Amino acid sequence: MFGKSIVKRIDWFSILIYVALVLIGWLNIYSSTFTENDASIFNLTTLHGKQLFFFGASIIAIIIIMGLEANFYERFSSLMYVIAIVLLLGLFVFGKTIAGATSWYNLGFFNLQPSEFAKVATALALAKYLSDIQTDIKRRKDQFYALGIILLPAILIIPQPDPGSALVFFALIFVIFREGLPLYYLTISLLTILVFIATLMFGTIWIVIFLGLLIVLFFLLKKKSFKVPVFPLLGIITVTILFSLSVNFVFNNVFEQRHRDRFSLWLRLEKDPKKLEQIRKTIGYNTYQSEKAIESGGFFGKGFLEGTRTKGDFVPEQHTDYIFSTVGEEWGFMGTATVILLFTSLFLRLVYLAERQKNPFSRMYGYGVISILLIHYFINIGMVIGVLPTIGIPLPFFSYGGSGLLFFTILLFIFLKLDSNRLKEGI
Amino acid sequence: MKKILLSSIILIIGIVFIGRLSYLQIFSFSADQVLEDPAIKAIYDYPERGYIYDRNGKLLVGNDPAYDVMVIPREVKSLDTLEFCNLIGLEKDNFIKKLKRARIYSPRLPSVLVPQLSKEDYAKLQEKMRHFEGFYIQKRSLRYYDTKSAANVLGYISEVNERDLAQNPYYVQGELKGRTGVEKTYEDVLRGKKGVQYIQKDRFNRDIGPYKDGTLDTPPEQGKEISITIDKDLQEYGELLMHGKRGGIVAIEPATGEILSMISGPTYDPSLLVGRKRSKNYTKLYNDSIANPTWDRALLAEPSPGSPFKTLNALIALQEGVITPDTKITCHHGFYVGKTKRGCHCGGGVRNLNSGIYKSCNAYFAGTFRKIFDKFDTTDEAMDVWEKHMRSFGLGGYLGSDLHTGRPGRIPSKEYYDKWYGDNRWSSSYIISNSIGQGEVAVTPIQLANMTAAIANRGHFFTPHILKKVNGEDITIPEFTEMKQTTIERKYFEPVIQGMADVYHKGTARWVQIPDIEIAGKTGTVENYTIIDGVKTQLTDHSIFVAFAPVNNPKIAIAVYIENGYYGSRYAGHIASLMIEKYIKGEITRKDLEKRMLEKTLDHEYAKPYSGEEFKINEYVW
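Bear in mind the structure is a predicted one, so any value in this text is a computation, not a measurement.

## Focus on the pairing of strand β8 (residues 195–201) of chain B
Residue and element names in this part refer to chain B.
Item 1. Strand direction decides the pairing type here: strand β1 (residues 40–45) and β8, joined by 6 bridges, are antiparallel. In the sheet register, A42 faces β8, and the bridge partner there is Y198.
Item 2. Sheet analysis places β8 next to strand β9 (residues 207–210), joined by 2 bridges and oriented antiparallel. Residue pairing across strands places I199 opposite P210, the latter belonging to β9.

## Overview of the interface of chain A and chain B
Item 1. Counting residues at the interface gives 35 residues for chain A and 32 residues for chain B.
Item 2. Counting only elements with at least two residues in the side of chain A that touches chain B, the list comes to α8 (173–178), α14 (285–297), α15 (308–311), α16 (323–355) and α17 (360–384) of chain A.
Item 3. Top element by residues in the side of chain A that touches chain B is α16(A). It accounts for 11 residues.
Item 4. Across the side of chain A that touches chain B, the residue classes break down as 18 nonpolar, 9 polar and 8 charged.

## Considering helix α2 (residues 12–33) of chain A
Item 1. With 22 residues, α2(A) should reach 32 Å at 1.5 Å per residue; the first-to-last C-alpha distance of 31 Å fits that figure.
Item 2. Restricting attention to buried positions, one finds in α2(A) the residues S14(A), I17(A), Y18(A), V22(A), G25(A), W26(A), N28(A), I29(A), Y30(A), S31(A), S32(A) and T33(A).

## Overview of the nonpolar core
Item 1. Core analysis: the biggest nonpolar cluster contains 121 residues, and A251(B), I558(B) and V560(B) have the highest contact counts within it.
Item 2. The element that contributes the greatest number of residues to this core is helix α17 (residues 445–456) of chain B, accounting for 8 residues.
Item 3. Not counting the four nearest positions on each side in its chain, A251(B) is found in contact with L234(B), L260(B), S261(B), A449(B), I556(B), I558(B), M579(B) and Y583(B).
Item 4. Among the nonpolar cores identified, the runner-up in size contains 103 residues, and Y81(A), L156(A), F378(A) and I385(A) belong to it.

## Some words on the UniProt feature "transmembrane region" (unreviewed entry) in chain A
Residues and elements named next belong to chain A.
Item 1. UniProt records the feature "transmembrane region" (unreviewed entry) at residues 12–31, 51–68, 80–105, 193–221, 228–251, 331–352, 364–391 and 397–416, using the numbering of this structure.
Item 2. With 100% helix and 0% strand, residues 12–31 has end C-alpha atoms that lie 28 Å from one another.
Item 3. With 100% helix and 0% strand, residues 331–352 has end C-alpha atoms that lie 30 Å from one another.

## Considering the environment of K414(B)
Item 1. Note that K414(B) resides in helix α16 (residues 414–421).
Item 2. The class of K414(B) is partly exposed, set by 19 C-beta atoms lying within 10 Å.

## Description of the packing of helix α12 (residues 308–319) of chain B against helix α14 (residues 362–375) of chain B
Residues and elements named next belong to chain B.
Item 1. At a minimum axis separation of 10 Å, α12 and α14 run at an interaxial angle of 40°. Between α12 and α14, the interaxial angle falls into the category oblique. Relative to α14, α12 is oriented so that their crossing is left-handed. The segment α12 lies against α14, with K310, N313, A314, I316 and A317 engaging F365, T368, F369, K371 and I372.
Item 2. Residues belonging to the contact of α12 with α14 are distributed by class as follows: 6 nonpolar, 2 polar and 2 charged.

## Things to note about the confidence of the model for chain B
Item 1. Across chain B, pLDDT averages 88, with 97% of residues at or above 70.
Item 2. Scored by ipTM, the complex comes to 0.89, with pTM at 0.63.

## Thoughts on unusual backbone geometry
Phi is mostly negative for residues that are not glycine, and the peptide bonds are mostly trans.
Item 1. A cis amide bond links Q160(A) with the next residue in sequence, P161(A), at an omega value of -5°.
Item 2. Position of P161(A) relative to the elements: it lies in the loop between α6 (140–157) and α7 (163–170).
Item 3. The omega torsion across G265(B) and P266(B) is 0°, close enough to zero to call that bond cis.
Item 4. Here P266(B) shows up in the loop between β12 (258–265) and α10 (278–287).
Item 5. The phi dihedral of R458(B) falls on the positive side, at around 60°, and the residue is not glycine.
Item 6. Mapped onto the fold, R458(B) is located in the loop between α17 and β17 (460–461).
Item 7. With a phi angle near 70°, D516(B) is a residue other than glycine that sits in the positive phi range.
Item 8. Overall, D516(B) belongs to the exposed group, with 9 C-beta atoms counted inside 10 Å.

Reading the values: the criteria
- Every chain's residues receive numbers from 1 upward, in the order its sequence appears when written.
- Lettering of chains starts at A and numbering of ligands starts at 1, both following the order in which they are written.
- Local features are withheld for residues below a pLDDT of 70 in this predicted model, meaning they are given only at 70 or higher, and side-chain atom pairs are given and counted only at 80 or more; totals for whole chains, interfaces and linings count all residues.
- When DSSP finds at least two bridges between two strands, those strands are taken to pair.
- A run of H or I in DSSP becomes a helix once it reaches four residues, and a run of E becomes a strand once it reaches two; helices and strands are each numbered from the N terminus.
- Contact between two residues is assigned when their C-beta atoms, built from the backbone, lie within 7 Å.
- Under the grouping applied here, Gly and all other residues not named as nonpolar or charged are polar, the nonpolar ones being Ala, Val, Leu, Ile, Met, Phe, Trp, Tyr, Cys and Pro and the charged ones Asp, Glu, Lys and Arg.
- What a helix is expected to span follows from its residue count: subtract one and scale by 1.5 Å.
- Exposure is read from a count of other C-beta atoms within 10 Å of each residue's own; the residue is exposed at 12 or fewer, buried at 20 or more and partly exposed in between. C-beta atoms are placed from the backbone.
- To count as a nonpolar core, a set of buried Ala, Val, Leu, Ile, Met, Phe, Trp, Tyr and Cys residues must be joined through C-beta atoms within 7 Å.
- UniProt positions are given in the numbering used here, feature names are shortened, and annotations may be inferred rather than shown by experiment.
- Axis lines are fitted to C-alpha atoms, over the contacting stretch for helices. Their N-to-C directions set the angle, which ranges from 0 to 180 degrees.
- Orientation categories follow fixed angle ranges, with anything under 35 degrees roughly parallel, anything over 145 roughly antiparallel, 65 to 115 roughly perpendicular, and all other angles oblique.
- Rotating anticlockwise by less than a right angle from the far helix to the near helix defines a left-handed crossing, while the corresponding clockwise rotation defines a right-handed one.
- How sure the predictor is of each residue is captured by pLDDT, a score from 0 to 100.

Here it is in structure tokens:
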């Protein structure tokens, strides 16, 4: 079924980085859950032992994925999407609640998180829809459907509540951009975020003053012959100011205090340094501790199993969402930079692989994989090193969590299978 | 555009992350100090503070156990405040205030809640202590004094304050540190070094074993015991003699520069500054601004030296060759400065060096002083020479001893007078008072004693010091074991010393001769003034005396300074003579003299300026 051919055709570079990331991740899980009296590696009652078991399971999954026909995924993508949606709906009835979120099915020996499966299914379904000959992404209706595929699972996940996972689906919008969604959507989104942040940081008054300055600059620099579109311009200004005002309203009346705190911490809205320090140590406790742990690692780190803050369990959720702080403390800048480089190389490699696909479905799925992995990586590390507000999602291949590792592996290897098959497509 | 969008985002994210990480880990990196790391707790093991012995091995200062109630604020759980306050003897408000202060210092590090419990309180508290989470009892040792004397020499220890903590990272709140005296100077020797054990903690502050397997832990280093140069018996005796008198006594062994006794009156019992009552007692002593018991007069008082200074002027004149022992100067019951006559009590007549000294003739030394200045073309030159000689006796500057405090005194220089009178607008006549130890010169009692030791040694001295042995080993500190040479040749000392010996035979101190001991000394009577209601008022003269004995093999050189004690041989002379006898013979043969000195006080003199009434000075009431 697969002999020399697939071994030759598969992208070993990606696999190498994948293995490196999983192993580094596992070492750090080992370190952050390590206790003196329980040092054995192969012990299923320990977290690192369980993680090792799931690595084994992932290898089996890889073998199965490689064994299946490449067009199996394209053919069954719609079905998988339906199954994913059903599973997500089922959570409302049969879901198991862990840490306040009803996101799991209890399968006895392990808990299945259908949102993980939904990520794979949605990436496949989106690729399938976009690669359909009848779909034209320039059409409003098709844009609407494509967005619908992305939003449906997200909407089902939000009330679990698991806003972090829901956010991941939005990243799939990059796939649509790649396939021709006009970039002004992106521009408008970015500008909206910018106005949002600027309003919180400086207030509506400054936004108005800034806009005024922009207009003055615009009139000074414009060519004489240029005819000013007065009404659209006025419209944009009005909308911006209204939006800015509504941001204040939403922030103060719709957001809950914990959300406000996260933002005021992230954007340093609190100017009194004493109060800020207070917020950092209470509401921002996780980030504060993880930043401190990373900082204390310095350039060379404290050494494997030598992280005092890791050992003392000062960073909460260290083996899952905050695993990167262990890297920072024990391996220092050398370690963190290495991990960043590994991820960056993996992503760039995957973009390269996606772009060389002849089959549009494979390319689109590839973009889906990158988008999902990238947003996990961006939000997770951004949160751990304190450049983004706290949003709890795991670091792919790294964080402790069986179903996480398994589905990230499946997500990636389906694409590698498609890629290994690309030359056959033409025939 | 659409093809490179994602790649660009990937790269931008990578760059932002690397940037942030290098900011965190390279630029703002500060290695976790073991003590600041919240995951590591240091447990200290305090060594016992070193004992202090006198020069003959008699114990001066030892240790007593004491118990501190400590608190780690963030481990404090809800507790029965009232019961706890009753147990430790604190008011509830006070308790809350102290707890708050401890939390401000550090929520994680231990602070002292109640220092130095008595043994009884400790026994009561000990069995209940485990009910109160976050509090524990730390054993510590307190100073125990085996004498009621030498408070100014020994000094005291007290808890470190915020400033100490900021200055010296060795200290942790609640530790003790020498504040004055030997305790301060030899703090590092006496203290030893605390042992430390690092414990890895988790975020619930539970111990989870030694940090780095205990490789960073250090055992405590024992504090060293020291012997100081003080003679306990002499010190105690001197303080008895100083009863009711203000002033200072310093006795030095000329052959070594070792300080045999250093007494400041009035003084206090060193045990007052130990334990919980220390702060209260110290405030009381410190606020007594009239008697000023915490002000060490032996080291800090800077009176004019008076007549003992004449001996130095004689030595300088001899060294400069402007007089010989036979040079004669006539005293007309005083001497003239311009048209004004200055008095002299020597009785008048022709004086040579010998009688000039033993009769303490002002006219003789005024003339000698003039001769020194007449030798040189300019007063500037003469002043430089005179100043150089004076300074070689350790005057006019810090001695460089190992005492915790001191004053430089004053030997005026030409610059000093240039500033005072204007450039070259002064001559020897203007500063003639210096010839008899009045005027601008000022010396501390320890400088006076050191000067006497230099005369006793015929031209050299050893820097006075207080440390004799560390852990039984004699010190080898070069500053204290190397001889300091004065600028006067040895041969010029004999005639001066003869004059000083004759002070006892036929001079101003002939009443205080000690049987069987040959003494050389010099009296001093120093005019002094104070301001009362804005009016400069003269007070009874200070009584000063310097002496050394035996003349040919000096064992002790002593300077005694008694505020408002009137003429030199009255109080200072008697006390010096008793001290010398006590030190050399070990007992006093002149019991009536001793009795008089022990009983007489000068309280009536000290009360005069504060009485608000007219008063007479220099009364012959005895």
